[in-house]
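Chain and residue survey
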Amino acid sequence: MRRPESVSFTRRIEDDLSRRDFTVNAMAYNERDGLVDLFCGVEDIKKKIIRTVGDPYCRFSEDALRILRAFRFSSRLGFCIEDNTFEAISKLCDKLSYIAKERIFSELVRLLCSPYPEKPLKQMRSCGVLSYIFKDYTPTDKAI
């Protein structure tokens, strides 16, 4: 799921930014144009929200690891996950079963070592993500 058959490079910044996962990391800067922010990343930073670039169902279907990245960004920045993005996560979290355990572990460690892990962990439990990480064990509030 994570390995495309081919990788295409582009010289157009618009194409590159449209492939990013979240608006907060879909910006670029150059001397000629200044800040290129096609997906309102600056606005989302000001609002402190994590939102996918484009349709969240498509973004998470392309790469389910982005589900964990959303929670990691949330825990790292102290941002909330936007409602439509969270809804898509809730409906597509079963796709995490196709992601390599090592990749899941790496994202989880980074989340746990972030400044604000409590709320994202509780959200992960509430939407079912933790059951794909811990299988038969789901941490309680006291563990989180």
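Note: the structure precedes this text.
Residues numbered from 1 in each chain as written. Predicted model: local features only at pLDDT ≥ 70, side-chain atom pairs only at ≥ 80, totals over all residues. Heavy atoms only, no water.

1. Comments concerning the overall build of the chain
Each helix and strand in the chain was counted, giving eight helices and four strands. When the helices and strands of the chain are listed from N to C terminus, the series reads α-β-β-α-β-α-α-β-α-α-α-α. Burial status across the chain gives 40% buried among its 144 residues. (Helix = DSSP H or I, 4+ residues; strand = E, 2+ residues; numbered from the N terminus. Buried < 20%, exposed > 50% of the residue type's maximum accessible area, 1.4 Å probe, protein only.)

2. Observations regarding helix H5 (residues 83-92)
Those residues of H5 not exposed but buried are Thr85, Phe86, Ala88, Ile89 and Leu92. An end-on view of H5 places all buried positions within 160° of arc, on one side of the element. Relative to its buried face, H5 has exposed residues pointing more than 90 degrees away, namely Asp83 and Lys91. At its buried positions, H5 is contacted by strand S3 (49-50), helix H3 (56-62), helix H4 (65-77), strand S4 (80-81), helix H7 (118-127) and helix H8 (129-134). Structurally, the start of H5 carries an N-cap: the backbone nitrogen of Asn84 is 3.1 Å from a side-chain oxygen of Glu82. (Arc of directions from axis to C-beta. Contact = heavy atoms within 4.5 Å. Polar contact = N/O pair within 3.5 Å; in protein donor to acceptor, adjacent residues only side chain to side chain.)

3. Brief notes about the nonpolar core
Counting 29 residues, the largest nonpolar core has Ile67, Phe71, Ile89, Met124 and Val129 as its most contacted members. For this core, the secondary structure elements donating two or more residues are H4, H5, helix H6 (101-112), H7 and H8. Per element, the largest residue contribution to this core is six residues, and it comes from H4. Sequence-distant contacts of Val129, defined by excluding residues within four places in its chain, comprise Ile67, Leu68, Phe71, Ile89, Cys93, Leu96 and Met124. (Core = buried A, V, L, I, M, F, W, Y, C linked by side-chain atoms within 4.5 Å.)

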